[in-house]
Each structure stands twice: as C-alpha cells, then as structure tokens.
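Here's the letter readout for the chains.
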Amino acid sequence: MQAPVEVSENALTERQKDVLDAALALLVEAGDTLTMTSVARRASCSKESLYKWFGDRDGLLTATVQWQASKVRGVPVDPEAFGLASLTAGLQRFASDWLHVLSGTISVALNRVAVGHAGSDKHDLGAIVLENGPFAMARRLKPLLRLGRDTGLLHFQETDEAFRTFFGLVVRDVQIRLLLGDRLELTDAAIERDALRATQQFLALYGAHTAGDGHQIPASA
C-alpha cells in the first residue's frame, strides 16, 4: 500500500480535495460513523483510491481534519525582511483565517463530534481533532512568535504561554457559544475587526513599541 498523501493545499490534487470535502460533509451529517464505503459513494470514487491516498479509516479521518485545518494558512517567516509590520500582518492574517474556519458549519460539527468522545471509549476522532486542530495551529504559529522574540519585537518566556494567550484573545467565547448552539453570525467585516483587535491586544501584552527616539520600549506584560 502506498503511503498516505501529505495533506496541504499544494500537495493535494483537485480530485483528492473533492474527496476530503465529501468526507467533511458526511462528518457534518452523520458524525464519525462515516466509513470508507460511504465516502467512496459520496465522492464517486473507488475504495481502492481512498486506501491508496489516505491509508485506513483513521488515516482518512486525519486527512479530513488536516484539510479543514489547512485553511488556516501558515505565516511565512523571512528573517531578512522581518519587522513590526510583517509581524502584525502575520498575526492578523492568522487570526482572521482561524476565525473564518472556526465559525464555519463544518468546524462546529466536527468539534461537536470530537467533544462527544470525551469520557467515552471513542478516542480516535477526539485525538485526531486535538492533534491536527489546536496543536497544529500552535506548531504553525510558533515560528513567527519565536522570530518576534528573537528580533526583540516580542517579550515572553514560554512560547506555549504566548500562543495560549493569543488563542484566548482570538477565540474568546466564540467557539463555546457555537458549540452550544448560539446562532452567532460572524460577517467578514466582524472577523477582520476581531482579528485586528486580538492582534493589537496581544502586542500590547507582549510587544515592544518604537518610541520617537528610535528606542524600543517594552509593553507591560
């Protein structure tokens, strides 16, 4: 059997993206009861192709969650052209992508199923969502945070703590409200406004600002 395909925007073929979109739709409709057969039927492809691309059912579930999470774009890190403007833009774009994905119908349904596994004998989807959702977001953003610290634009001791703070500022109570059925509607304008607010608050906590004399003054932590 061929190794499962690497799940990213550039690595996937259009056909594979269609298959993963079909799997996401099934997860919304039927939870984690989806099977290789049901995905193959919905996507009009053979089970052999599914096994070749994604391995077993857990591999398909992992690829499906990774495909959803890949919509939160990574932030390119270029130390040679890095400054406060690129740090701010990177944080704001990441926050915007995150809120767009998090507030979507698919992510809400996916997280509800994963939460439903807590305290039960079902651990596969919950663990997959945790590893390829929040943990993956952390891995994707930490290089930007570390570069910000290395260049003196950010001040923190623990990268994990800085990420969790940013997580809280971006997500706030949005996720729990959506999971509990609140008909919270986030427009594109509202998401951009919230992403900017979260970025500004994060920089106020951990950032350094350039004074008129050219010296950096650490913000209060």
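See the structure shown above.
Cut-offs used in this document
- Residues numbered from 1 in each chain as written.
- Predicted model: local features only at pLDDT ≥ 70, side-chain atom pairs only at ≥ 80, totals over all residues.
- Heavy atoms only, no water.
- Axes fitted to C-alpha atoms, helices over the stretch in contact; angles between N-to-C directions.
- Helix = DSSP H or I, 4+ residues; strand = E, 2+ residues; numbered from the N terminus.
- Parallel < 35°, antiparallel > 145°, perpendicular 65-115°, else oblique.
- Left-handed = near helix turned anticlockwise from the far one by under 90°.
- Contact = heavy atoms within 4.5 Å.
- Nonpolar A, V, L, I, M, F, W, Y, C, P; charged D, E, K, R; others polar.
- Core = buried A, V, L, I, M, F, W, Y, C linked by side-chain atoms within 4.5 Å.
- Buried < 20%, exposed > 50% of the residue type's maximum accessible area, 1.4 Å probe, protein only.
- Polar contact = N/O pair within 3.5 Å; in protein donor to acceptor, adjacent residues only side chain to side chain.
- Expected span 1.5 Å × (residues − 1).

A. Layout of the packing of helix 5 (residues 84–102) against helix 8 (residues 134–150). At their nearest, the axes of helix 5 and helix 8 sit 11 Å apart, and the two run at 170° to each other. Taken together, the axis directions place helix 5 and helix 8 in an arrangement best described as roughly antiparallel. Here the hand of the crossing between helix 5 and helix 8 comes out left-handed. Two secondary-structure elements touch here, helix 5 through Leu87, Gly90, Leu91, Phe94 and Trp98 and helix 8 through Met137, Arg140, Leu141, Leu144 and Leu145. By residue class, the composition of the contact of helix 5 with helix 8 is eight nonpolar, one polar and one charged.

B. Here's a closer look at the environment of asparagine 111. Locating asparagine 111 in the fold gives a position in helix 6 (residues 105–116). When the C-alpha atoms of asparagine 111 and glycine 133 are compared, they prove to be 9.6 Å apart, with 22 residues separating the residues in sequence. What asparagine 111 contacts, discounting residues up to four positions off in sequence, is Leu102, Val129, Gln175 and Leu179.

C. The arrangement of the nonpolar core in detail. Core analysis: the biggest nonpolar cluster contains 34 residues, and Leu91, Trp98, Leu141, Leu145, Phe166 and Phe202 have the highest contact counts within it. Mapped onto this core, the elements with two or more residues apiece are helix 5, helix 8, helix 9 (159–171) and helix 11 (188–206). Examining the composition of this core, we find that eight residues originate from one element, helix 5, more than from any other. Those residues in contact with phenylalanine 202, other than ones at most four positions away along the chain, are Leu91, Leu145, Leu154, Ala162, Thr165, Phe166, Leu169 and Gly207. Within the second largest apolar cluster, 28 residues are counted, among which are Ala23, Leu24, Leu34 and Leu50.

D. Region of the structure containing the side chain of glutamine 68. Secondary-structure assignment places glutamine 68 in helix 4 (residues 57–69). A residue is classified by how much of its surface remains accessible, and glutamine 68, at 7% relative accessible area, is buried. Of note is the side chain of glutamine 68, whose polar atom sits 2.9 Å from the side chain of lysine 71. Beyond its immediate sequence surroundings of up to four residues, glutamine 68 is in contact with Leu24, Val101, Ile106 and Ser107.

E. Quick look at the environment of glycine 133. By secondary structure assignment, the location of glycine 133 is in the loop between helix 7 (124–132) and helix 8. Residues glycine 133 and valine 72, spaced 61 residues apart in sequence, show a C-alpha to C-alpha distance of 9.9 Å.

F. Focus on helix 1 (residues 14–30). The terminal C-alpha atoms of helix 1 lie 24 Å apart, and with 17 residues this matches the ideal 24 Å at 1.5 Å per residue to within 8%. Among the residues making up helix 1, those that are buried are Gln16, Lys17, Val19, Leu20, Ala22, Ala23, Leu24, Leu26 and Leu27. Where helix 1 ends, the next residue or the one after it, glycine 31, has phi of about 70°, a positive value.

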